[in-house]
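As a plain string of letters, each chain reads:
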Amino acid sequence: MRVRGWFAVLLLAPVLLLTASLYVVPLGVYLVNGFYRFKDGRILREWTLDTYAAFLTDAFSYKIVSTSLLLAAIVTALALLVGYPLAYALHTRVRSARARAVLAVLLFCPLMISVVVRTYGWLILLANKGLVNTTLLRLGVIEQPIRLLFNMQGVVISLTHILLPFAIFPIYSVLGKLDPSLKEAAHDLGAGAWATFWKVTLPLTLPGVASGGVICFTLALSAFVTPQLLGGGRVQVLPLTVYNSTVEINWPEGAVTSVALLALSILAVWAVNRVVRRLPTVA
Amino acid sequence: MAIGAPGARGADLDVQAITKRFGAVVAVDAVSFTVRAGEFFSLLGPSGCGKTTTLRAIGGFETVDAGEILIGGRPMGRLPPNRRETNMVFQRLALFPHYSVFDNVAFGLRMRRLPAAEVGRRVAEALGRVELGDLGARRINELSGGQQQRVALARALVNEPRILLLDEPLSALDLKLRLQMQEELKGLQRSLGTTFIYVTHDQGEALAMSDRIGVMADGRLEQVGAPLEIYERPATRFVAGFIGDANLVEAVVEGIDGDGLVAARVGDARVRARRRGDERAGARLTLCVRPERVRVGRPGGRADGLVGRVEDRAFSGSLVKYRLAVSGLRLHAAVPYAHGTPLFEVGDAVSVGWDGDQAVTVPA
């Protein structure tokens, strides 16, 4: 982007200052620790790549990375699978602007509640004697309560719920930009509702799916509170490792893990951008 | 493309008193007309007159509140577009941006699950017909406006519809290209023998291309007829004013002359016009005189009936256009110009008139 004139600089200045002072500088300061040595519970100010070497050769770090990626992938897939039909219904079935506004507020409601409160809410719902298990037991669907807490399931359910709006809104906005006569043209050329969706609507809204997906993926990858409270220590993901290392004053390890997290996020964004750029040619 | 012999199928389209409301607005008001097989039929009118809604109802994109549409004698009812023997060329073209030119044109054939070899053959033929033979692999956004227009046409025609519906397909093109495409469309329609229903707000376009025109205003069909008929015998004031330029003059009938012309008074002057048939002495009506048929001469020259004054003059090469004040009226005249034709100046007194058979009466 080319910034023209001092006025544009002035407009950008607050954001640039905030980003620099609250994000870039602290991140840099923290990441420098990755190149220090950690020995006998103390950080030694001598340059070394040992922490990186240790991270890259330790099987446990790969376990954490794969758990993180798996969690983010499952949550993203679920959010998109649930979110697309919701966005589609919102786009096609809800005609009045008022109803749309109300539904949009309802969808964003979860984001207005503190993550801690929301997570405790899920604790109540998903517990062995919680609402979900009690209902399923009463209906006779299950005979034993299923474990939905302190494992992957609980984290996935809660994260999908909270990330749903981030999946829905990019898809919804792309649906709104779609020329309605494209669907009519497909219909006119003999396609029924189903064929029109698969051949025209879905391919042309993939950019929305991709941007919704990448938002969900990076947010799920960096989620901390939910895996912490609902994972019960069984869901070891990168943000938890960063937190634990930092608390244990092992800043070099925390920094290296942070770099891994950052790299994975950037990689995901980059890969999706690459795919999106090629989307219009996809037949 | 296999072509049924034009005319062999009788009435292709029978629109019977269809009405369509959007809330309190009546977009189409009891419109009826029939179109013969192989005919080029235009629906002409200003924006908001209901022409596009009528077209969309024929294609199955709108359900009518009353009336019925028959295609090939079969009532359409609430049949969706994918089950009608029509195809549409959309105003905004609606080409699939994620498909190549070939895949766009093949879409309809693939929906019918035709074998790939036949799809390939027919798409190539359709692209050849619109002179895009070698552009099949291109993406839509790599084409010019005119080329996109042709793809939209090929995509509809490749399905060999009984009726092709065209919704102002040329409106996005510049004038030169539009004129060229008009000729090509007309030629294509002639050679295919497909029935075309063409919606446009451009009266020149409709006059140049159509076998017959239906003129619409405020949801109603004002007149249906051949271009010449509509130009020479407009059925209503609206049609007279909308098709071509026209001077519309209020007049009172005095009587019928021996030669079958209507004699009428405009202010204190006497003028004449062709009969419609129902004129009676004393009746008020409107005279429609095309500017190119108004004569302008020196005062007291020929007994042309009216006396006026030149208000404005514009010279446009082949024509001299005058704005004339004639006994409280304002008349426009377009006089052919050749070397030596006398020109009148603004403020000049002139005699104004027309041959009786060059004007026509229109209901008031």
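Anything mentioned here points back to the structure above.
From a predicted model like this one, the values you see are computed outputs, not experimental measurements.

1. Looking at the overall build of chain A
Reasoning step 1: Looking only at helices and strands, chain A has 12 helices and two strands in total.
Reasoning step 2: Summarising its shape, the C-alpha atoms of chain A cover approximately 75 × 70 × 35 Å along the three principal directions.
Reasoning step 3: Put simply, chain A has 283 residues, and 40% of those count as buried.
Reasoning step 4: Once local pairs closer than 6 in sequence are excluded, the contacts in chain A between residues at least 24 apart make up 68%.
Reasoning step 5: Accessible area of chain A: about 16,300 Å², with a carbon and sulfur share of 71%.

2. Describing the pattern of salt bridges
Residue and element names in this part refer to chain B.
Reasoning step 1: A complete count under the given rule lists 32 salt bridges over all chains for this structure.
Reasoning step 2: For the salt bridge of E254 with R265, the shortest nitrogen-to-oxygen distance reads 2.8 Å. Taken together, the residues span a long stretch of sequence, with E254 in strand β11 (residues 247-256) and R265 in strand β12 (residues 261-266) at a distance of 11 residues.
Reasoning step 3: Looking at R265, the relative accessible area reads 32%, which means it is partly exposed.
Reasoning step 4: Residues R295 and D355 are paired through a salt bridge, measuring 2.8 Å at the closest nitrogen-oxygen approach. With a gap of 60 residues between them, R295 in strand β15 (residues 295-297) and D355 in the loop between β19 (349-353) and β20 (359-363) connect regions that are remote in the sequence.

3. Here we look at unusual backbone geometry
Residue and element names in this part refer to chain B.
Reasoning step 1: The phi dihedral of A94 is positive, around 55°, even though this residue is not glycine.
Reasoning step 2: Its location among the elements puts A94 in the loop between β6 (86-89) and α2 (101-111).
Reasoning step 3: Take A94: its relative accessible area is 2%, and that puts it in the buried class.
Reasoning step 4: Unusually for a residue other than glycine, R113 sits at a positive phi of about 55°.
Reasoning step 5: In this fold, R113 is placed in the loop between α2 and α3 (116-129).

4. Let's talk about the layout of surface pockets
Residue and element names in this part refer to chain A.
Reasoning step 1: Approximately 910 Å³ is the volume attributed to the largest pocket.
Reasoning step 2: Surrounding the largest pocket, 29 residues form its lining, Y88, T92, K183, T196 and T201 being those nearest its centre.
Reasoning step 3: Those elements that provide at least two residues to the lining of the largest pocket are α3 (59-92), α7 (152-177), α8 (180-188) and α9 (193-221).
Reasoning step 4: For the lining of the largest pocket, the leading source of residues is α9, giving nine residues.
Reasoning step 5: Here the residues of the lining of the largest pocket are counted per class, giving 19 nonpolar, six polar and four charged.

5. As for the interface of chain B and chain A
Reasoning step 1: Each side of the interface is counted separately: chain B has 23 residues, and chain A has 22 residues.
Reasoning step 2: When the area that chain B buries against chain A is broken down by residue, the three leading residues are N82, H98 and M111 of chain B, summing to 30%.
Reasoning step 3: Summed over the shared surface of chain B and chain A, the number is two salt bridges.
Reasoning step 4: D179 of chain A serves as the salt-bridge partner of R92 of chain B, at 3.2 Å between the closest nitrogen and oxygen.
Reasoning step 5: The leading source of residues in the side of chain B that touches chain A is α2 of chain B, at four residues.
Reasoning step 6: When the residues that make up the side of chain B that touches chain A are grouped by side-chain class, the tally is 12 nonpolar, six polar and five charged.

What counts, and where the lines are drawn
- Residues numbered from 1 in each chain as written.
- Chains lettered and ligands numbered in written order.
- Predicted model: local features only at pLDDT ≥ 70, side-chain atom pairs only at ≥ 80, totals over all residues.
- Heavy atoms only, no water.
- Helix = DSSP H or I, 4+ residues; strand = E, 2+ residues; numbered from the N terminus.
- Buried < 20%, exposed > 50% of the residue type's maximum accessible area, 1.4 Å probe, protein only.
- Contact = heavy atoms within 4.5 Å.
- Areas by Shrake-Rupley, 256 points an atom, 1.4 Å probe, with all protein chains shown as cover.
- Salt bridge = Lys/Arg side-chain N within 4 Å of Asp/Glu carboxyl O.
- 1 Å grid on protein atoms, 1.4 Å probe; cavity = no way out; pocket = protein on both sides within 12 Å on 5 of 7 lines; lining within 4 Å.
- Points joined across faces, edges and corners; volume = space filled by probe spheres on them.
- Nonpolar A, V, L, I, M, F, W, Y, C, P; charged D, E, K, R; others polar.
- Buried area = accessible area lost by both parts, 1.4 Å probe.

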